[in-house]
Number of protein chains: 2
Amino acid sequence: MEELKQRILRDGKNLGNGILKVDGFINHQVDPALMDACGEELARRFRGAGATKVLTAEISGIAPALTTARHLGLPVVYARKSKPITMPDQVFLTLSPSHTKGRMVELIVSPEYLGQGERVLIIDDFLATGATILGLARLAQTAGSTLVGIGALVEKIFEGGRAALATLGVPIESLACIRSMEGEQITFCNDD
Amino acid sequence: MEELKQRILRDGKNLGNGILKVDGFINHQVDPALMDACGEELARRFRGAGATKVLTAEISGIAPALTTARHLGLPVVYARKSKPITMPDQVFLTLSPSHTKGRMVELIVSPEYLGQGERVLIIDDFLATGATILGLARLAQTAGSTLVGIGALVEKIFEGGRAALATLGVPIESLACIRSMEGEQITFCNDD
């Protein structure tokens with residue numbers, strides 16, 4: 001998606017060690033118009049998947065999942081990383097390694113909002129190693145739901161997430177696929 | 001806002017001790033169409049305030065702040081509760097008591113995205129005691145920004161937040177103001 005790629009080139013920053021800073025438009029400050037356009041494009045790509053629910057993880061997955069879900073006319077569930085007091089005692093919980101936190105984090109979904117017969121589309125901001133998305137896929141599986149697709153705003157293909165998710169056997173879409181980041185130079189997958 | 005009130009009556013649940021569970025459409029599962037309608041209504045109410053930025057706190061403030069910001073054509077910044085590695089060393093930070101966590105939490109904003117000359121509209125999901133919103137107002141003040149308004153989806157007026165925020169001297173709007181919750185009975189402020 002050209003609009004997102006141009007924004008990454010303009011406002012993204014390679015901090016080294018594979019970390020792309022997008023705090024100005026995705027992760028801390030959010031550009032709602034861009035996020036809506038991204039949601040519209042992800043919705044377009046997954047319109048035929050027959051999803052009944054969008055699933056994401058707090059925190060930075062919320063914005064793209066919300067806009068995608070709005071364009072698909074579906075509810076969105078965001079997995080919590082700590083169990084709020086409003087959640088029942090019995091929940092779906094899985095552990096997932098967090099790069100940015102350097103430890104395992106919990107991903108928790110209430111059985112009230114994810115269950116048998118649901119067709120789940122996972123949306124997140126980044127597809128890097130795929131660890132968070134694999135965690136979400138395990139939650140969907142445990143709930144008895146069927147995974148129908150995976151979408152991300154930004155893919156860092158050099159971290160191997162797409163390969164790690166291949167066994168899930170569902171379509172994977174990203175709006176900006178980054179092949180490499182070296183100094184100021186960000187190269188997209190199809191920029192050959 | 002009638003649509004939100006009806007949804008609270010239908011799907012909200014009084015868990016006792018002043019806790020209203022809205023996990024089915026605001027806080028864990030989100031209804032994007034309802035959230036968009038709420039954002040549109042908050043945007044309408046604050047259109048004349050001359051805001052240049054919407055400010056909220058992760059996690060559950062993100063959805064209503066994003067939709068409000070989209071309808072106002074503004075960027076939205078969500079205060080983080082832990083400092084990500086992409087944030088500079090020098091940040092704006094304040095402490096705020098969290099009811100649901102039973103302890104103080106940090107609210108952190110990067111000086112890159114909030115600064116002098118900004119006119120800030122604070123949007124959150126709940127206005128209860130007002131503690132989180134007061135924390136956000138302190139961050140805006142520290143950054144040299146001007147607070148121009150405060151909006152929330154749901155106000156629990158019996159927790160005194162509106163009174164606590166009065167000293168800020170800005171308009172306060174909520175889309176569903178709850179006067180009391182007793183058993184199954186949820187009474188709105190204007191239901192006399």
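The structure this text deals with has already been given above.
Residues numbered from 1 in each chain as written. Chains lettered and ligands numbered in written order. Predicted model: local features only at pLDDT ≥ 70, side-chain atom pairs only at ≥ 80, totals over all residues. Heavy atoms only, no water.

**So, the pairing of strand β1 (residues 13-16) of chain A**
Residues and elements named next belong to chain A. Defined as follows: The rule for pairing is simple: two strands pair if DSSP sees at least two bridges between them. Strands are runs of DSSP state E lasting at least 2 residues, helices are runs of H or I lasting at least 4, and numbering of each runs from the N terminus.
The sheet contact formed by β1 and strand β2 (residues 19-21) spans three bridges and is antiparallel. Paired with Asn14 across the two strands is Leu20, which belongs to β2. Taking the residues that link successive antiparallel strands as the turn, the β1-β2 hairpin has two residues, and the phi of Asn17 there is positive, at about 55°.

**Comments concerning the sheet that holds strand β10 (residues 172-182) of chain B**
How we decide: In what follows, a contact means two residues having at least one pair of non-hydrogen atoms within 4.5 Å. To define axes, lines are fitted to C-alpha atoms, for helices over the stretch in contact only, and angles between the resulting N-to-C directions are given on a 0 to 180 degree scale.
If you walk across this open sheet you meet the seven strands as β3(A)-β5(B)-β4(B)-β8(B)-β9(B)-β10(B)-β11(B), and the pairing is mixed. Of all the strands in the sheet, just β3 (29-30) of chain A together with β11 (185-188) of chain B have a single pairing partner and so form its edges. In this structure, strand β8 (residues 119-127) of chain B lies alongside strand β9 (residues 146-156) of chain B, joined through eight bridges in parallel fashion. Pairing of Val120(B) across the sheet is with Leu147(B), part of β9(B). Where helix α5 (residues 131-142) of chain B meets the sheet, it contacts β4 (53-57), β5 (76-79), β8 and β9 of chain B, and its direction lies at approximately 165° from that of β8(B).

**Examining the pattern of salt bridges**
Where charged atoms from two side chains of opposite charge come close, those side chains can pair. Definition in use: Any carboxyl oxygen of Asp or Glu within 4 Å of a side-chain nitrogen of Lys or Arg constitutes a salt bridge here. We call a residue buried when its accessible area falls under 20% of the maximum for its residue type, exposed when it is over 50%, and partly exposed in between, using a 1.4 Å probe and counting protein chains only.
Scanning the model with the defined rule gives 26 salt bridges over all chains in all. Notably, a salt bridge pairs Arg44(A) with Glu41(A), separated by 2.7 Å at the nearest N-O pair. Of this pair, Arg44(A) and Glu41(A) both sit in helix α3 (residues 32-46), separated by three residues, roughly a single helical turn. One salt bridge connects Glu173(B) with Arg45(B), and the closest N-O pair in it is separated by 2.8 Å. With Glu173(B) in strand β10 and Arg45(B) in helix α3 (residues 32-46), this pair connects stretches of sequence that are 128 residues apart. Since its relative accessible area comes to 25%, Glu173(B) is described here as partly exposed. With a relative accessible area of 28%, Arg45(B) lands in the partly exposed category. The structure contains a network of salt bridges with shared partners spanning Arg7(A), Arg10(A), Asp11(A) and Asp31(A).

**Notes on the side chain of Glu118(B)**
Residue placement: Glu118(B) occurs in the loop between β7 (103-109) and β8. When sequence neighbours within four positions are dropped, the list of residues in contact with Glu118(B) reads Thr52(B), Lys53(B), Tyr113(B), Ser145(B) and Thr146(B).

**Digging into the sheet that holds strand β4 (residues 53-57) of chain A**
Within the open sheet, the seven strands sit side by side as β11(A)-β10(A)-β9(A)-β8(A)-β4(A)-β5(A)-β3(B). Their pairing is mixed. In the strand order of this sheet, the two ends are held by β11 (185-188) of chain A together with β3 (29-30) of chain B, each with one partner. Note: strand β5 (residues 76-79) of chain A against β3(B), two bridges, orientation antiparallel. Of the residues in β3(B), the one forming a bridge with Val77(A) is Gln29(B).

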